[in-house]
Amino acid sequence: RQPGRALPGAVGALCRALPPPARPAPDTLRRARFDRPQASLDFWRLLYALLKQIHGGKWTQSDAIDNQIRFVKSALWYHGYGRPELYRLPSDGSAGSRELLLAFSWLLHRLSLLEQLLARNRVKTGDETSVCTCEDDLPNSQTGTTEIAPEYGLEERVDVRYLQWLNGRLRFQWRSLHAQHQEQCKLLHKIHLFTSGSHMDQTLGHFSVTETDLVRQPENYKQLLQLLELETMQLEAFLEWKQLEPVYWQWMETVLDNMAEEGNMCKSQATHVEKSGLPKVTSCCPWAVSLTGQIDRLSRDLMTLRDQLHKLVTHRKAAWCEKVKTKEEELQKEGFSATARKIQESVELKLLNLTHLCAPKKPQLHGSCRLVFRSKHPASKMGFGRSVSKEPVSAVSATEVIRELQMREASLERELKQLQEECRQRLDEIAEGLDGVICISP
C-alpha cells in the first residue's frame, strides 16, 4: 500500500494541474500529511482560492485570514462535508493542516474539482453561452448536514421586511442582468453579421469577439498565445495526474490509517487515566472491558430504538385507520360524483406529466456551447455549434432550446398550481380547528 517513488510525481502533477494563482507547492501537501502547523495557513488560502473560483467570486490574497476561513467552512458545509473536526479548527489558521488535506481530497473526489476548474479557466476564443435543459436536483449530500452548521449562520429570527427588501433587490438585479444579456446578444449579432463570410473555417463563417479584437489589434496575439501555452501545460499536467491518481489515493489511505492509529492511542490513554483507580480491572484485559462496555451500550440503544419503533408503528397505524375512517365519512357526505371528479382531474394532470416524461427524450443539454450565426436559408438550420470542424457537427438551434424551456416552464407551473391547491386545503383544515377565528382567503 505504500505509494513508493511515484508519489512525488502524482503530487507534482496535481499541483501543476491547479490554476496558477492558487497553485500550491508540493511540500505543502507533504507537510500536511504529518499535521505540521506551518502548512495550515497555506492550505486555508488554497481552499479559499479554489472555492472562490468554483462559486464564481472574486478573491485577493490580501483578504483577512479569518474571513477566508469563515468562507471555506461555509462552502464546505454547503457542499455537504460532514467531518465536525474541521469546523472546530481555530479561526487564526494555526493548526489543522491534516484536516484541511482531507477536506481538499474530498473536494477533489466529490466535486471533480480539477475538471470544474479547468472548465472555468479555459481560454475562450469563441463566443460561448451556457445551455442547460436538465432538471435541477438537490444533491444527496445536502441532507442531514444541518447539525454541523457553523456558528456563523443566520440568526434565529429575521425581520420579514428585510426579507422582502432582499427579494425586491434580487428581482431588480435579475432584471438588470437580463437587460445586459439582451444588449450583449445584440452586439454579438452585429459582429457575427458584419464578419459573415470572413472566416477561413466555412463551418463558422464569421469571427468571434476575440478574433475580431485580434484583427483590430494584432499585437494582442502574443498575450493570447501565452495564455494558450499555459493552458496546454495545465492540461498536460492533468493528463499526467489522471495516470498517477491511484497513487495519490493510496497515499491518502495511509494518512487515514495514521489518523485512526493516533485516535486509538488517544482513546486508550484517556481510558487509562479514567480507570487508574481500578488496578484490578485495568491489569486484566483492558480491551475486553472496553469492548464489553461498548456491547452493553449498543444493546441498550437497540432496545430503546426497538421500543420507539414499536410506538411509532402503533401511532402511525392508528392515525392511518383514523384517516381512512374520516375519508369514508367525507365520501358519504360529499357524494361519490364530486370525489370522482377530483380524482379524474388529478389523474389527468398526472397523465400530462407522464406523457411528457414518456416521450422520446433527446439528450439533455448541459454546459457551454459556441454561438454560431446561421442565415435562414435551408442549407444551414443550426444555431449552436458544439465543435469547430469541417465535419457535420452536433448542434441545436435556439428555437429548440426555447421550446424545451417552455415545456419545462409549463410543467413547473402545473406543479406549482397543484402545490398551491394542496396548501390551500391544508390551511382550510387548520382554520376549521381554530375557535373564534374567521379566515378569509385572498
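Residues numbered from 1 in each chain as written. Predicted model: local features only at pLDDT ≥ 70, side-chain atom pairs only at ≥ 80, totals over all residues. Heavy atoms only, no water.

Novice: Would you mind going over the overall build of the protein with me for this structure?
Specialist: The helix and strand inventory of the protein stands at 14 helices and four strands. Within the span of the protein, comprising 442 residues, buried residues form 25% of the whole. In the protein, 66% of the contacts between residues at least 6 apart in sequence involve partners at least 24 apart. Of the roughly 32100 Å² of accessible surface on the protein, a fraction of 58% belongs to carbon and sulfur atoms. (Helix = DSSP H or I, 4+ residues; strand = E, 2+ residues; numbered from the N terminus. Buried < 20%, exposed > 50% of the residue type's maximum accessible area, 1.4 Å probe, protein only. Contact = heavy atoms within 4.5 Å. Areas by Shrake-Rupley, 256 points an atom, 1.4 Å probe, with all protein chains shown as cover.)

Novice: Explain the packing of helix α3 (residues 40-54) against helix α7 (residues 113-120) here, please?
Specialist: In helix packing, the relevant descriptors are the interaxial angle and the interaxial distance, both defined with respect to the helix axes. Two numbers describe how α3 lies on α7: the axes approach to 10 Å, and their chain directions differ by 60 degrees. In terms of their interaxial angle, α3 and α7 are classed as oblique. Considering the relative orientation of α3 and α7, their crossing is left-handed. Along the contact surface, α3 presents L50, Q53 and I54, while α7 presents L113, Q116, L117 and R120. When its residues are assigned to classes, the contact of α3 with α7 shows four nonpolar, two polar and one charged. (Axes fitted to C-alpha atoms, helices over the stretch in contact; angles between N-to-C directions. Parallel < 35°, antiparallel > 145°, perpendicular 65-115°, else oblique. Left-handed = near helix turned anticlockwise from the far one by under 90°. Nonpolar A, V, L, I, M, F, W, Y, C, P; charged D, E, K, R; others polar.)

Novice: Hey, could you run me through unusual backbone geometry in this one?
Specialist: Of note in the backbone geometry, D35 takes a positive phi value of approximately 60 degrees without being a glycine. Locating D35 in the fold gives a position in the loop between α2 (26-33) and α3. A relative accessible area of 34% places D35 in the partly exposed class. Of note, S112 is a non-glycine position whose phi angle comes to about 50 degrees, a positive value. Its location among the elements puts S112 in the loop between α6 (97-110) and α7.

Novice: Explanation requested: a nonpolar patch on the surface in the structure shown.
Specialist: A surface patch of nonpolar side chains, amounting to about 470 Å² of accessible area, comprises V158, Y162, L163, W165 and L166. Position of V158 among the secondary structure elements: in the loop between β1 (128-132) and α8 (160-194). (Patch = residues over 30% accessible without salt bridge, like charges linked within 9 Å, V, L, I, M, F, W, Y side chains within 5 Å. Salt bridge = Lys/Arg side-chain N within 4 Å of Asp/Glu carboxyl O.)

Novice: It is not clear to me how α2 should be interpreted in this structure. Could you clarify?
Specialist: Regarding α2, the residues found buried are T28, L29, A32 and R33. One side of α2 holds all its buried residues, which, seen down the axis, span an arc of 140 degrees. Directly beyond the C-terminal end of α2, a positive phi value near 60 degrees is found at D35. (Arc of directions from axis to C-beta.)

Novice: So what exactly am I meant to see when it comes to the packing of aromatic side chains here?
Specialist: What describes a pair of aromatic rings is the distance from one ring centre to the other and the angle between the planes of the rings. Under the criterion given, the structure shown has seven aromatic pairs. Ring centres of Y248 and W251 lie 5.7 Å apart, and the angle between their planes is 55 degrees; on these two criteria the pair is classed as tilted. Taken together, the positions of Y248 and W251, both in helix α10 (residues 221-274) and three residues apart, correspond to about one turn of that helix. Judged by relative accessible area, Y248 falls into the buried class, the value being 0%. A residue is classified by how much of its surface remains accessible, and W251, at 5% relative accessible area, is buried. (Phe/Tyr/Trp six-rings, centres within 6.5 Å; stacked < 30°, edge-to-face > 60°.)

On their own, these measurements won't tell you what the molecule is for.
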